Amino acid sequence: MFEYAPAPESRSVVDLKPSYGLFIDGAFVDPTDGDSFKSINPASEEVLAEIAEAGAPDVERAVRAARKAYDKVWGPMPGRDRAKYLYRIARLIQERSRELAVLESLDNGKPIKESRDVDLPLVAAHFFYYAGWADKLEHAGFGSNPRSIGVAAQVIPWNFPLLMLAWKIAPALAAGNTVVLKPAETTSLTALLFAEICQQADLPPGVVNIVTGAGDTGRALVEHPGVDKVAFTGSTDVGRAIARSVAGTRKKLTLELGGKAANIVFDDAPIDQAVEGIVNGIFFNQGHVCCAGSRLLVQENVADRVLESLKRRMAQLRVGDPLDKNTDVGAINSAAQLERIRELSDAGTAEGAERWSPPCELPERGFWFAPTIFTGVTQAHRIAREEIFGPVLSVLTFRTPAEAVEKANNTPYGLSAGIWTDKGSRILWMADRLRAGVVWANTFNKFDPTSPFGGYKESGYGREGGRHGLEAYLNV
Ligand code: NAD
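Counting of residues starts from 1 at the beginning of each chain's written sequence and follows it residue by residue. With pLDDT at 70 or above as the cut-off, local features in this predicted model cover only qualifying residues; side-chain atom pairs require 80 or more to be listed or tallied, and sums for whole chains, interfaces and linings still use all residues.

The name an unreviewed UniProt entry gives the chain is Aldehyde dehydrogenase (NAD+), with Micromonospora parathelypteridis as the organism. UniProt positions are given in the numbering used here, feature names are shortened, and annotations may be inferred rather than shown by experiment. The Sequence similarities (unreviewed entry) comment attached to the chain in UniProt states, word for word, "Belongs to the aldehyde dehydrogenase family."

This is the structure in C-alpha cells:
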C-alpha cells in the first residue's frame, strides 16, 4: 500500500460563528425560551457551535412566516420568476461549494473527497434541475394547471445534510410552496449556511425557514395544523409515528425511510468492478446511506474469489481525518450511532457469523468504526435483517437467480438493490422481480436529480427527484 503524506483541506475557508439562531422570515432570530444545544465534530469531539433549539412557539412563528410568504409572495409569483431565485441559489452553492463541503465534513464526519465531489455537485444540480421545472409545471404530466400545495414541513436526517435539504427544498420551491425545514440535531450547520445563501440570493422572507432542534422540534413541526404537506426522511420508526399523527388530517405525506439493500454478484460478473461496487455500496459515507448495499449476495461458486479480492481491497481503505483529501472512510456521525453499530456487530458475532476487518489504526478521539465484513451470515441473523447504518457488510451466498431474488426480497425494506452480471437479459429478469425502488446494474449508489428515488414496503412511499419528485409538491 502506498504511504501518503497528510493532505488536509484548510478549514480557514469556513467562518464558524460561536452560536446560531433560528432562520425565520428571512432573519436569524433567538429561540423564544433561549434553549440551545451543541454541534460537535465527530472526528475530534470538538464543539463547533451552539445551536438554537426551537420550541413550539418558534415552530408557530416559522409556520406563520411560511404561510404569509406563500399567500402574498411565492404562491402568486410566476414560475419564471421563482426559477430565477432557484438558479441564483444554485449558482451561489457552486460559488461557495468549497466552504459548504468543508463545513459538511466538519459537522458530519464524511470524507472531504465525498462532500466535495459527490454531495456538493449533486446539491447544486438539484437546484439547477428544479429551477428548470418552475415555469414548465403544466408540461410535467400532472394536468394543464397543477397547483402548489402551500406550506411544507420537511424533516431530514444527518447522513447527507445538505443533499437531503436540496432534495426537499428545491422541488417544493419550484412547485410554488414555501417551507419550514428541520435539519437533524447533529448536523445543522450547513442548513444554517444555506439560510445565509437564501439571504444572499434575496429570496423573499418566509419562503425558506429553518428551525433547528431534535425530535421534539420535529414533532411540533409535523403536527402543526398550519402545514399542508409533510416530507420526512429518516428512520422507519419515526416515519411510522409521523404517518400515525398525519392520518386523518388533510396533510399530504411522503416518507423516505430505511433500507437493507441486496447487492447481488453473479459468477459471470466482472469481479474487479463488482468489488469496487461492493466497496462503494457499503463503505461510501461510512455506510450511513439508506440505500447502502449492506447485504452482499454472492453466487456460491465465486464466493471465495470475490471475498479474497474484497478483503485485499478493504485493506487499502484509508480511515481517518475527514478533512484529509486521501481519506476514504471518515468518522461515524455520533456516539449514539457508533453505539448502535457496535451493538449490532456484537450481535452478529454472538449469533455465529464470522467477523473480519483489515488491520487499521483508528484515531483516539472521535467516533470510529473499522470497515467490517461478516461471512457465514444466515437470513435469520439480526445483521441480515436490521439496518446497521454503518460500515458493516453482511455476506450471504446463493446458487440460482431464483434463490437470489428470494433472498434479496426477504426483508421488510425495499429501497434499492444492485445486480452484477454480464448478461443483459438477466439484469432485466432480476430487476422485474426485485421489490426495490431503485435497481442499479453493474454499478451502485449512483444519483442524478433527473432520476426518481424512493421505496417500497417499510422503506416508505412517494418519490423524490426527477419529474416524479414534483408530484409530492403539487395538487394533481
Ligand atoms: P431519525 O428518524 O431518528 O431522525 C430523522 C429526523 O427526524 C431528525 O431530524 C430527527 O430530529 C427527526 N425526528 C426524530 N423524532 C421525530 C418525531 N417524533 N417527529 C418528527 N421528527 C422527528 O433517523 P436518523 O437516525 O437521523 O437517520 C437515519 C435513518 O434515516 C436511517 O434509518 C436511514 O435509512 C434513513 N434515511 C433514509 C433516506 C431515504 O431517502 N430513504 C435517506 C437518508 C436516511
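That was the structure; now back to the text.
> Before we go on, may I ask you to explain helix H4 (residues 112–133) in this structure?
Since the α-helix turns once every 3.6 residues, residues separated by three or four places project in the same direction. Put simply, DSSP H or I for four residues or longer makes a helix, DSSP E for two residues or longer makes a strand, and each gets a number counted from the N terminus. The span you would expect from a helix comes to 1.5 Å times its residue count less one. Its 22 residues give H4 an end-to-end C-alpha distance of 31 Å, which sits within 8% of 32 Å, the value for a rise of 1.5 Å per residue. Throughout, the bend at a residue refers to the angle made by two axes, fitted to the seven residues ending there and to the seven starting there. By the largest-angle criterion, Asp-119 marks the main kink of H4, which is about 30°, and a proline, Pro-121, follows within four residues.

> What is the right way to look at the nonpolar core in this model?
Note on soluble globular proteins: their nonpolar side chains tend to be buried together. As used throughout, a nonpolar core is a set of buried Ala, Val, Leu, Ile, Met, Phe, Trp, Tyr and Cys residues joined through C-beta atoms within 7 Å of each other. Residues with at least 20 other C-beta atoms within 10 Å of their own are called buried, those with 12 or fewer are called exposed, and the rest are partly exposed. The C-beta atoms themselves are positioned from the backbone. One finds Leu-86, Phe-127 and Val-180 to be the most contacted residues of the largest nonpolar core, which totals 91 residues. Residue contributions to this core peak at 11 residues, all from helix H5 (residues 161–174). Excluding residues that lie within four positions of it along the chain, Phe-127 makes contacts with Leu-86, Ile-89, Ala-90, Ile-93, Ala-166 and Ala-170. Counting 61 residues, the second largest nonpolar core, distinct from the first, contains Ala-331, Val-395, Ala-417 and Val-438. Any two residues are considered in contact once their C-beta atoms, placed from the backbone, lie within 7 Å.

> I tried to follow the pairing of strand S4 (residues 36–40) on my own but got confused; where do I start?
Regular strands place side chains that alternate from one sheet face to the opposite one. The pairing criterion is simple: DSSP has to find at least two bridges between the two strands. Of the pairings in the sheet, the one linking S4 to strand S5 (residues 47–52) comprises 5 bridges and is antiparallel in character. Looking at S5, one finds that Lys-38 is bridged to Glu-50. As consecutive antiparallel partners, S4 and S5 are separated by 6 residues, and within that stretch Glu-45 has a phi angle of approximately 65°, a positive value.

> Help me understand the site of the ligand in this model?
Only the C-beta atom matters for nearness: placed from the backbone, it must lie within 6 Å of the molecule or strand for the residue to count as near. If you check the shell around the ligand, you find 29 residues, and the closest are Gly-215, Gly-218, Gly-234, Glu-256 and Cys-290. When contributions to the shell around the ligand are tallied by element, the ones reaching two or more residues are helix H7 (215–223) and helix H8 (236–246). Take the shell around the ligand: its biggest share by element is 4 residues, from H7. Structurally, the shell around the ligand is a two-domain feature, drawing no fewer than three residues from each of domain 1 (11–257 + 459–475) and domain 2 (262–441). Source of the domain bounds: an automatic or database domain assignment.

> Honestly, the UniProt feature "domain: Aldehyde dehydrogenase" (unreviewed entry) in the chain in this entry has me stumped. Any pointers?
Here, the residues flagged by UniProt with the feature "domain: Aldehyde dehydrogenase" (unreviewed entry) are residues 29–476. For residues 29–476, the helix share is 42%, the strand share is 16%, and the end-to-end C-alpha distance is 36 Å.

> Would you mind going over the environment of Asn-177 with me for this structure?
Topologically, Asn-177 is positioned in the loop between H5 and strand S8 (178–182). On the neighbour-count criterion, Asn-177 (25 C-beta atoms within 10 Å) is buried. Distance in space between the C-alpha atoms of Asn-177 and Ala-66 is 8.8 Å, their sequence separation being 111 residues. In this structure, Asn-177 is in contact with Tyr-70, Ser-148, Ile-149, Gly-150, Val-151, Ala-152, Ala-172, Lys-229 and Tyr-473, ignoring residues within four places of it in sequence.

> How do you make sense of the confidence of the model for the chain when you look at a structure like this?
Detail in the predicted coordinates should be disregarded across regions flagged by low pLDDT. Averaged over every residue, the pLDDT of the chain is 97; the share at 70 or more is 100%. When pLDDT is averaged over each element of the chain, strand S9 (residues 208–210) comes out on top at 99 and strand S19 (residues 460–461) at the bottom at 91. Scored from 0 to 100, pLDDT records how confident the predictor is in each individual residue.

> Even after reading the chapter, I still don't get the sheet that holds strand S15 (residues 372–375), so can you show me in this structure?
Two pairing modes exist for strands in a sheet, parallel and antiparallel, and in both the strands are linked by backbone hydrogen bonds. Pairing is mixed in the open sheet, where 7 strands are placed in the order S14-S15-S16-S13-S12-S17-S18. Both outer strands of the open sheet, strand S14 (354–356) and strand S18 (438–441), are each paired with one neighbouring strand and no more. With strand direction ignored, the average angle separating the axes of adjacent strands in the sheet is 20°. Lines fitted to the C-alpha atoms define the axes, with helices restricted to the stretch that makes contact. Angles between their N-to-C directions range from 0 to 180 degrees.

> Explanation requested: the packing of H4 against H5 in the structure shown.
Direction vectors running N to C along H4 and H5 enclose 5°, while the axes themselves pass 9 Å from each other. The orientation of H4 relative to H5 falls into the category roughly parallel. Of the residues in H5, those in contact with Asp-119, Leu-122, Val-123, His-126, Phe-127, Tyr-130, Ala-131 and Trp-133 of H4 are Leu-162, Leu-163, Ala-166, Trp-167, Ala-170, Pro-171 and Ala-174. Charged means Asp, Glu, Lys or Arg here, nonpolar means Ala, Val, Leu, Ile, Met, Phe, Trp, Tyr, Cys or Pro, and polar covers whatever is left, Gly included. When the residues that make up the contact of H4 with H5 are grouped by side-chain class, the tally is 13 nonpolar, 1 polar and 1 charged. When an angle is under 35 degrees it counts as roughly parallel; over 145 it counts as roughly antiparallel; between 65 and 115 it counts as roughly perpendicular; any other value is oblique.

> Honestly, the packing of helix H9 (residues 271–283) against helix H10 (residues 303–314) in this entry has me stumped. Any pointers?
A pair of packed helices is captured by two measures, namely the crossing angle of their axes and the spacing between those axes. At their nearest, the axes of H9 and H10 sit 10 Å apart, and the two run at 55° to each other. Relative to H10, the element H9 lies oblique. As for the relative orientation of H9 and H10, their crossing is right-handed in sense. Counting all contacts with H9, which are made through Ile-271, Asp-272, Ala-274, Val-275, Ile-278 and Val-279, the residues of H10 involved are Arg-305, Val-306, Ser-309, Leu-310, Arg-313 and Met-314. Partitioned by chemical class, the residues of the contact of H9 with H10 number 8 nonpolar, 1 polar and 3 charged. Should the near helix be turned anticlockwise from the far one by less than a right angle, the crossing is termed left-handed; should it be turned clockwise, right-handed.

> Sorry, what's going on with the UniProt feature "active site" (unreviewed entry) in the chain here?
Residues annotated by UniProt as "active site" (unreviewed entry) correspond here to Glu-256. Along the polypeptide, Glu-256 turns up in strand S11 (residues 252–256). With residues up to four places along the chain from it excluded, the contact list for Glu-256 reads Thr-233, Cys-290, Gly-454, Gly-455, Gly-460 and Glu-464.

> Explain the environment of Asp-422 to me, please; I cannot follow it from the model alone.
By secondary structure assignment, the location of Asp-422 is in the loop between strand S17 (416–420) and helix H14 (424–433). We classify Asp-422 as exposed; it has 12 C-beta atoms within 10 Å. Taking the C-alpha atoms as reference points, Asp-422 and Ala-331, 91 residues apart in sequence, are found 36 Å from one another. Not counting chain neighbours up to four residues away, the residues in contact with Asp-422 comprise Asp-268 and Ala-269.

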